[in-house]
Amino acid sequence: MNQSLDSDSVSITRRILDALRLDPVLLSLLVILALFGSLVLYSATGSDQAAVLRQGTRILVAMMLLVAAANVPVRMLRKVSIWLYLGGVGLLVAVMFFGEVGKGAQRWLDLGFIRFQPSEILKLAVPMIVATYLADRVLPVGFKELVVSSVLVMIPVMLIARQPDLGTAILVGSAGFFVLFLAGVRWRIIISLGVLFSAMAPLLWKFALHDYQRKRILTLLDPESDPLGSGYHIIQSKIAIGSGGVYGKGWLNGTQSQLDFIPERSTDFIFSVFGEEFGFFGSVVLILIYLAIIFRGLYIAAHSNENFGRLLAGALSLTFFVYLFVNTGMVAGMLPVVGVPLPLISYGGTSMVTLMMGFGLIMSIRSAKRFLV
Amino acid sequence: MSKREQLKDDFLESRLIRRRLVLAAIFTVILLGLVLGRLYVLQVVSYEHFSTLSDSNRIRIKALPPTRGLIFDRHGVVMANNLPTYRLEIVREQVTDLDATLQQLRQYVEYTDQDLKRFRQSSKRRRPFETIPLRLNLDDAEVARLAVNLHKFEGVEINARLTRNYPHGEHAVHALGYVGRVDERDLREVDEVEYAGTTHIGKLGLEKFYEHELHGSVGVQQVEVNANGRTLRVLSESPPIQGNNLHLTIDSSLQRVAEEAFADRNGAAVAIDPTNGEILALVSMPIFNPNLFVNGISYANYGALRDSPERPLFNRALSGQYPPGSTTKPFYGLAGLEARVNQKDDKTWCGGYYLLPNEERRYRDWKKEGHGHMNLNDAISQSCDVYFYDLAYRLGIDRMAEFMAQFGFGVKTGVDSTGERNGLLPSREWKRGHEGMPWFPGETLITGIGQGAFLVTPLQLANSTAAFSSRGTRYQPRLVKSVEKIPDYNRIDIASRVTGRYQLLKPKNWEHVHNAMVNVVHGLRGTAQGINRGMEYRTAGKTGTAQVFEIAQDEEYDEETVAEKLRDHALFVSYAPAEDPKIAVAVIVENGGSGSSVAAPIARQIMDAYLLEES
């Protein structure tokens, strides 16, 4: 069996990947990350093989969707983006009225055969619609384009924020605004928006945030003030990560993790398990893998031959970065606790599927112009 | 702007986007560098610190539940306190095989499926290494048996904890309410952090209404434990703050007199200080022992209480709604004078029944042969129905409803407890709104003697009587006199609140009705003259009888032949001393027959106890 693969294997693999319109670099990075993630998950679930198998199935399904997305031609993407967007916003409105309440927030829609969060659709639909809209305009974007795009972004963001799901709202919002940023919004607008936002922060604090969200931010500043409530997560997470040291306590040996001190340790707080067991060294490696994925995405964006591809691939890669930054920042006690998973590693299927499809779109953009690697 | 109209230039645009992509890339590197910097601080610089903290997980955070505030009566008698009781508790993380442990524990102590269900429920919401109660209220034998065998069970503890106790048992239960185990529904209404470690919460009555005062605030203890989870030493502690104490307006001994006066009859009695709305006694009979509910009542006990035909769990004083019957007559009498529909000395002929113009139906008087010529004084003291049919006919329902509303009929009094109901003040609007029907003239007549759709709660009736006695000033009745704030033990009085002030058009009008009510008790032919023997003060009162079922046109009500359950309710309202009222009372005895023979003597005992012992 192995003999035939020997000399031709590289070119055969290359040919298969090309036929499937996949990017070998991005794909291998994603596979490495997924395998790495399964190891961490096995430890974080307390050696629960069934859970790891379930997650493996999800990865496979998500990979198949990645392949499917990679084979949608770019001009088709531009056509469906409006329908995807309208459908997604429609479902968000439906969730408002018929959605199921889980853990105190109304996010889920039950269609009988499947339960899902419509907000996930918007993670792709928002950057797609804004990229479609801006692709044919003269860049850098003018005032009118800026206003139209902002409205397109803010409608779903508001709907998601009031579910309330601050984490997803941040991700959807940043996906949309990254498109605008790449399309060359002038610096003085960016700066004045920044100033305006800081000026409005006290108002937002008072009216836009839920009590529990305010509490999380306060807790971040002084976790000791609320050791029985939300400060507990941060205190325990910091102890776990810090006690990992340079090389970590070793796989399956994290005492904080194994003894159930870390809440949500297989989902949002999985990075503290990782940090405890693999130490600073492991953390550097992991973040470098992530960084490689982000850079590969940005590289594809830079080498696309049309604005739509450049804007969409760039925005999706940067959104992936936001996932990583918000999650690790939260677990390390730098950012408030918002429900953003560690991408491709946290247990759970919803974000996994969206992320992989996003990478599928990036690969579709890459193969639209068959450049060499 | 004109520059913007240029044609798209792909070279320039792609250069722009690339520049932004590079910027973004630099940005990501910087931010991820910050994260790595933070991790460096945690994992390399502060490694020693966190490593010590995590070492064999020595630091535990324990919630210290506060002690519940005490409840005293108006003279300082303890109505609710906390006693140490022994509990069997389990630390889940230290038990290797929970099911086996639970099974083996059965050898030494009994626990029900209900206990087990509670245990599993509360283990869901506990943080790691916190104790979860399996059985409360262990008796000495159980404690002894367990203590001897405790070494066999890792993670099983016997702990003494303060538990709510009602030292007088069933006494005043409907005034106090009770606490029970915290359940999921309760947690939705409170701050979960504050209730970490709290096992009991107010479920009914005062205990629920003043939960925010009584609970106190949670304390936190950081302890160092050994590998088995046993506490070695306390690292830091912020102690819990005890809940505030309540001082009630209730007079415990008066309450007891009232409860005993009912003997084995069912009903309710409420006594109010008409000068400020303080509730002196609040009785609903029968009573039950609230201590049963504290440690989780067994299904058998609960079933017995719930299904008893006497309905002991039902708080009649606040939730029971009864037709007020003739106790409304003084109010209507005053309404007639104030509206100048009647003069004090106008006479009405009572021949035993009343006929509406153009109607066949006879509206009967309770006295078949009639009362003869009646003026206001006679009509109230002898409780003539025909006089009030005629008065109601001339007043009309609108004026009647408007007047009664000013004395608090038909609305909640706003008492500081749970479960109060509205009663029902019939009016044209009510009938159209709730039944979609027009008002019939006949209904005006029966409303005029407090029957028909008219309903009151005993508390409402007492409060309206109190308002009458103080010539129209109505207070919000309340059970709590002051809140004693912990930790400085400042007693903060709860101010009395006026909820309605009826302005008499002519003070004389009130005097006339008042005198008639004095005659009810002290007049020769007064319906309640039976209770005036040896009375050392003067009382104004009014008897009432409320029909439980309707008698057909040509039937006669005969107390002897009617089953007890269908017998009329007996009512009595009064206030005393007549010259300067200090107490207003409403008594309702279910199926007691006539107000004069059953309800009035109970009111007399309450007034005696209060007025004679006070001085």
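Thresholds, definitions, all that
Residues numbered from 1 in each chain as written. Chains lettered and ligands numbered in written order. Predicted model: local features only at pLDDT ≥ 70, side-chain atom pairs only at ≥ 80, totals over all residues. Heavy atoms only, no water. Helix = DSSP H or I, 4+ residues; strand = E, 2+ residues; numbered from the N terminus. Buried < 20%, exposed > 50% of the residue type's maximum accessible area, 1.4 Å probe, protein only. Contact = heavy atoms within 4.5 Å. Areas by Shrake-Rupley, 256 points an atom, 1.4 Å probe, with all protein chains shown as cover. Domains from an automatic or database assignment. Buried area = accessible area lost by both parts, 1.4 Å probe. Salt bridge = Lys/Arg side-chain N within 4 Å of Asp/Glu carboxyl O. Polar contact = N/O pair within 3.5 Å; in protein donor to acceptor, adjacent residues only side chain to side chain. Nonpolar A, V, L, I, M, F, W, Y, C, P; charged D, E, K, R; others polar. Expected span 1.5 Å × (residues − 1). Bend = angle between axes of the 7 residues up to and from the residue. Phe/Tyr/Trp six-rings, centres within 6.5 Å; stacked < 30°, edge-to-face > 60°. Lys NZ or Arg CZ within 6 Å of the ring centre and 35° of its normal. Pairing = 2+ DSSP bridges. Axes fitted to C-alpha atoms, helices over the stretch in contact; angles between N-to-C directions. Parallel < 35°, antiparallel > 145°, perpendicular 65-115°, else oblique. Left-handed = near helix turned anticlockwise from the far one by under 90°. 1 Å grid on protein atoms, 1.4 Å probe; cavity = no way out; pocket = protein on both sides within 12 Å on 5 of 7 lines; lining within 4 Å. Points joined across faces, edges and corners; volume = space filled by probe spheres on them. pLDDT = per-residue confidence, 0-100.

### Remarks on the overall build of chain A
Counting its secondary structure elements, chain A contains 14 helices and 3 strands. Burial statistics for chain A: of 373 residues in total, 55% are counted as buried. Long-range pairs, those at least 24 residues apart, make up 71% of the contacts in chain A between residues at least 6 apart in sequence. Of the roughly 15900 Å² of accessible surface on chain A, 69% is carried by carbon and sulfur atoms.

### Points about the domain arrangement of chain A
Residue and element names in this part refer to chain A. Domain annotation of chain A identifies domain 1 (12-71 + 216-373) and domain 2 (77-209). Listed as interface residues are 26 residues of domain 1 and, on the opposing side, 26 residues of domain 2. Each partner contributes to the roughly 2300 Å² buried at the junction of domain 1 and domain 2, and carbon and sulfur atoms together form 81% of this total. The largest share of the area that domain 1 buries against domain 2 comes from Phe 308, Leu 311 and Thr 354, three residues that together contribute 28% of it. Where domain 1 touches domain 2, the interface holds 1 salt bridge. As a salt-bridge pair, Glu 306 and Arg 78 come within 3.3 Å of each other at their nearest N and O atoms. Across the contact surface, domain 1 and domain 2 share 3 residue pairs in polar contact (both at pLDDT 80 or more). Ranked by the residues each element gives to the side of domain 1 that touches domain 2, the list is headed by helix α13 (residues 307-331), at 12 residues. By residue class, the composition of the side of domain 1 that touches domain 2 is 14 nonpolar, 9 polar and 3 charged.

### Some words on helix α8 (residues 187-208) of chain A
The end-to-end C-alpha distance of α8 of chain A, which contains 22 residues, comes to just 27 Å, noticeably less than the 32 Å that a straight helix rising 1.5 Å per residue would cover. Taken as a whole, α8 of chain A carries its principal kink of about 45° at Met 200 of chain A; the proline Pro 202 of chain A stands between one and four residues after it.

### Quick look at the packing of aromatic side chains
Describing an aromatic ring pair means giving the distance of the ring centres and the angle of the ring planes. Throughout the structure, instances matching the rule amount to 30 aromatic pairs over all chains. Relative to Phe 407 of chain B, the ring of Phe 403 of chain B has its centre 5.4 Å away and its plane inclined at 40°; by these criteria the two rings are tilted. Aromatic pair Phe 409 of chain B and Phe 454 of chain B: ring centres 5.6 Å apart, planes at 80°, arrangement edge-to-face. Taken together, the residues Phe 409 of chain B in the loop between α17 (397-405) and α18 (428-435) and Phe 454 of chain B in the loop between α19 (441-447) and α20 (458-469) connect sequence positions 45 residues apart. Among the aromatic residues, those joined into a cluster by ring pairs are Phe 331, Phe 403, Phe 407, Phe 409, Phe 454, Phe 468, Tyr 502, Trp 510 and Tyr 575 of chain B. Sitting above the plane of the Phe 181 of chain A ring, Arg 20 of chain B keeps its charged end 4.9 Å from the centroid.

### So, the sheet that holds strand β21 (residues 540-546) of chain B
Residue and element names in this part refer to chain B. One open sheet accounts for 5 strands, arranged β12-β11-β23-β22-β21; its pairing is antiparallel. Here the strands that pair on one side only, and so sit at the sheet edges, are β12 (278-285) and β21. When the angles between neighbouring strand axes are averaged without regard to direction, this sheet yields 5°. Of the pairings in the sheet, the one linking strand β11 (residues 267-273) to β12 comprises 7 bridges and is antiparallel in character. Its bridge partner being in β12, Val 270 is matched across the sheet by Leu 282. The sheet strands contacting helix α10 (residues 252-261) are β12 and β23 (583-589), and the helix crosses β12 at an angle near 30°. Across the sheet, α20 lies against β11, β12, β22 (569-576) and β23, angled at about 30° from β11, the strand it touches most.

### Some details on the interface of chain B and chain A
If you look at the interface, chain B gives 45 residues, while chain A gives 62 residues. At the boundary of chain B and chain A, one finds 1 salt bridge. A salt bridge links Arg 310 of chain A to Asp 10 of chain B; the nearest nitrogen and oxygen atoms lie 3.3 Å apart. Along the contact surface separating chain B from chain A lie 9 residue pairs in polar contact (both at pLDDT 80 or more). Residue assignment for the side of chain B that touches chain A shows that the elements contributing at least two residues are α1 (10-45), α2 (47-54), β1 (59-64) and β8 (219-225) of chain B. No other element matches the 24 residues that α1 of chain B contributes to the side of chain B that touches chain A. Counted by class, the side of chain B that touches chain A contains 27 nonpolar, 8 polar and 10 charged residues.

### Structural notes on the side chain of Ser 284 of chain B
Residue and element names in this part refer to chain B. Within the secondary structure layout, Ser 284 lies in strand β12. From its side chain, Ser 284 meets the backbone oxygen of Phe 314 in a polar contact 3.3 Å long. Within the structure, Ser 284 has its side chain in polar contact with the backbone nitrogen of Arg 316 (distance 2.8 Å). With residues up to four places along the chain from it excluded, the contact list for Ser 284 reads His 174, Gly 267, Ala 268, Phe 314, Asn 315, Arg 316 and Ala 317.

### Some details on the packing of helix α5 (residues 119-135) of chain A against helix α14 (residues 350-368) of chain A
Two packed helices can be described by the angle between their axes and the distance between those axes. Residues and elements named next belong to chain A. Closest axis-to-axis distance for the α5/α14 pair is 8 Å, and the angle between their directions is 25°. In terms of orientation, α5 and α14 fall into the roughly parallel class. The hand of the α5/α14 crossing is right-handed. Facing Glu 120, Lys 123, Leu 124 and Met 128 of α5, the residues of α14 in contact are Thr 350, Ser 351, Thr 354, Met 357, Gly 358 and Leu 361. For the contact of α5 with α14, the class distribution of residues is 4 nonpolar, 4 polar and 2 charged.

### As for empty space enclosed by the protein
All names here are of chain A. Tallying each qualifying case throughout the model produces 2 cavities of 30 Å³ or more. The computed volume of the second largest cavity comes to approximately 120 Å³. In terms of lining, the second largest cavity is formed by Lys 123, Leu 124, Leu 316, Thr 319, Phe 320, Tyr 323, Thr 354, Leu 355, Gly 358, Phe 359 and Ile 362. Looking at the lining of the second largest cavity, the elements that each hand over two or more residues are α5, α13 and α14. Among the elements that take part in the lining of the second largest cavity, α14 stands out by supplying 5 residues, more than any other.

### Examining the confidence of the model for chain A
Taken as a whole, chain A shows an average pLDDT of 84; of its residues, 86% reach a score of 70 or greater. The low-confidence segment residues 1-5 of chain A, where pLDDT is below 50, has 0 contacts with residues more than four positions distant or belonging to other chains.

### Quick look at the pattern of salt bridges
Residue and element names in this part refer to chain B. Applying the stated rule across the entire model yields 32 salt bridges over all chains. The residue Arg 161 makes a salt bridge to Glu 89 at a minimum N-O spacing of 2.6 Å. Separated by 72 residues along the polypeptide, Arg 161 in strand β5 (residues 156-165) and Glu 89 in strand β3 (residues 78-91) bring together distant segments of the chain. Residue Arg 161 is classed as partly exposed on the basis of its relative accessible area of 27%. A relative accessible area of 2% places Glu 89 in the buried class. Salt bridges sharing partners connect three or more residues here, namely Arg 68, Arg 164, Glu 207 and Glu 211.

### Structural notes on unusual backbone geometry
All names here are of chain B. A cis geometry characterises the amide bond from Met 285 onward to Pro 286, with omega recorded as 0°. A cis amide bond links Ile 486 to the next residue, Pro 487, at an omega of 10°. Residues other than glycine seldom take positive phi values, yet Ala 263 does so here, at roughly 50°. Structurally, Ala 263 can be placed in the loop between α10 and β11. Residue class for Ala 263 comes out exposed when judged on its relative accessible area of 52%. Residues other than glycine seldom take positive phi values, yet Arg 471 does so here, at roughly 60°.

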